[in-house]
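Overview (structure and organization)
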Amino acid sequence: GLPVRLVARPVPVAPPPADVRRFRETAAEVRFAWAPQPDAESYVLRVARDPDFTDVVHVAQAEESEVTHGYLKDGEYFWSVSAVGQGGEHGGAP
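Computed from a predicted structure; not experimentally measured.

About the thresholds
- Residue numbers restart at each chain and count upward from 1, following the sequence in its written direction.
- Per-residue local features of the predicted model are confined to residues with pLDDT of at least 70, and side-chain atom pairs are confined, for both listing and counting, to 80 or more; whole-chain, interface and lining totals are unaffected and use all residues.
- Computation of side-chain values covers all heavy atoms of the structure but excludes hydrogens and water.
- Starting at the N terminus, helices and strands are each numbered in turn, a helix being any DSSP run of H or I of at least four residues and a strand any DSSP run of E of at least two.
- Categorising residues by exposure relies on relative accessible area from a 1.4 Å probe, with only protein chains included: less than 20% of the type maximum marks a residue as buried, more than 50% marks it as exposed, and the intermediate range marks it as partly exposed.
- Between two residues, a contact is recorded if the distance between any of their heavy atoms is within 4.5 Å.
- Note on areas: Shrake-Rupley, 1.4 Å probe, and residue coverage restricted to the protein chains presented here.
- Salt bridges, as used here, are contacts in which a Lys or Arg side-chain nitrogen is within 4 Å of a carboxyl oxygen on Asp or Glu.
- Only centres within 6.5 Å qualify two rings of Phe, Tyr or Trp (six-membered ring in Trp) as a pair; their planes then separate them into stacked at under 30 degrees, edge-to-face at over 60, and tilted for everything else.
- Strand pairing is assigned whenever DSSP detects at least two bridges linking the two strands.
- Take the buried residues of types Ala, Val, Leu, Ile, Met, Phe, Trp, Tyr and Cys, join any two whose side-chain atoms come within 4.5 Å, and each joined set is a nonpolar core.

Assigned secondary structure in the protein chain consists of zero helices and seven strands. Beginning at the N terminus, the succession of helices and strands in the protein chain can be written as β-β-β-β-β-β-β. With 94 residues in all, the protein chain has 34% of them scored as buried. Counting only contacts in the protein chain whose residues sit at least 6 apart along the sequence, the fraction spanning at least 24 positions is 62%. On the protein chain, roughly 6,400 Å² of surface is accessible, and the fraction owed to carbon and sulfur atoms is 50%.

The final tally for this structure, using the stated rule, is one salt bridge. Glu 66 is the partner of Arg 31 in a salt bridge, and the nearest nitrogen-oxygen pair spans 3.2 Å. You can see Arg 31 sitting in strand β2 (residues 29-34) and its partner Glu 66 sitting in strand β5 (residues 66-70), a full 35 residues away along the chain. Classification of Arg 31 as partly exposed rests on a relative accessible area of 39%.

Looking now at the side chain of His 69. Inspection of the secondary structure assignment puts His 69 in strand β5. By relative accessible area, His 69 is classed as buried at 13%.

This part is about the packing of aromatic side chains. Taken as a whole, this structure holds three aromatic pairs when the rule is applied. Aromatic pair Trp 34 and Trp 79: ring centres 6.4 Å apart, planes at 45°, arrangement tilted. Pair noted here: Trp 34 is in strand β2 and Trp 79 is in strand β6 (residues 78-84), with a separation of 45 residues, a long-range link. Across the pair, Trp 79 and Trp 34 agree in class, each one buried.

Right, let's talk about the pairing of β5 for a bit. Residue alternation in β5 divides its side chains into a buried set, Val 67 and His 69, and an unburied set, Glu 66, Thr 68 and Gly 70. Here β2 pairs with β5 via five bridges, running antiparallel. Its bridge partner lying in β5, Ala 33 is registered against Glu 66.

The subject of this paragraph is the nonpolar core. Residues Phe 32, Trp 34, Tyr 43, Leu 45, Val 67 and Trp 79 are the most contacted members of the largest nonpolar core, which totals 13 residues. Looking at this core, the elements that each hand over two or more residues are β2, β3 (42-48), β4 (56-62) and β6.

A few words on the environment of Asp 50. In this fold, Asp 50 is placed in the loop between β3 and β4. Judged by relative accessible area, which is 14%, Asp 50 ranks as buried. Put simply, Asp 50 and Glu 76 are 26 residues apart on the chain and 7.9 Å apart in space, counted from C-alpha to C-alpha.

Structure below.
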């Protein structure tokens, strides 16, 4: 068979864990950022309402190591990011 090589999992940078934002106190946009991975061709960001990612509310594919998302409704959110390698291999993320 062909060898499989997984891309390293990106390290989340922003927003920091346990970051609480109030809609009326901050801009409606949230910047998600992570440490870039040298073997990554792109990244997939997932935002969910639960830590198990069964209620995913946003998925974005990006070539850079950050995504800005606007207008999330009031509530608690969880996010993860996976790196996508040259052959479509994913590193990390649920």
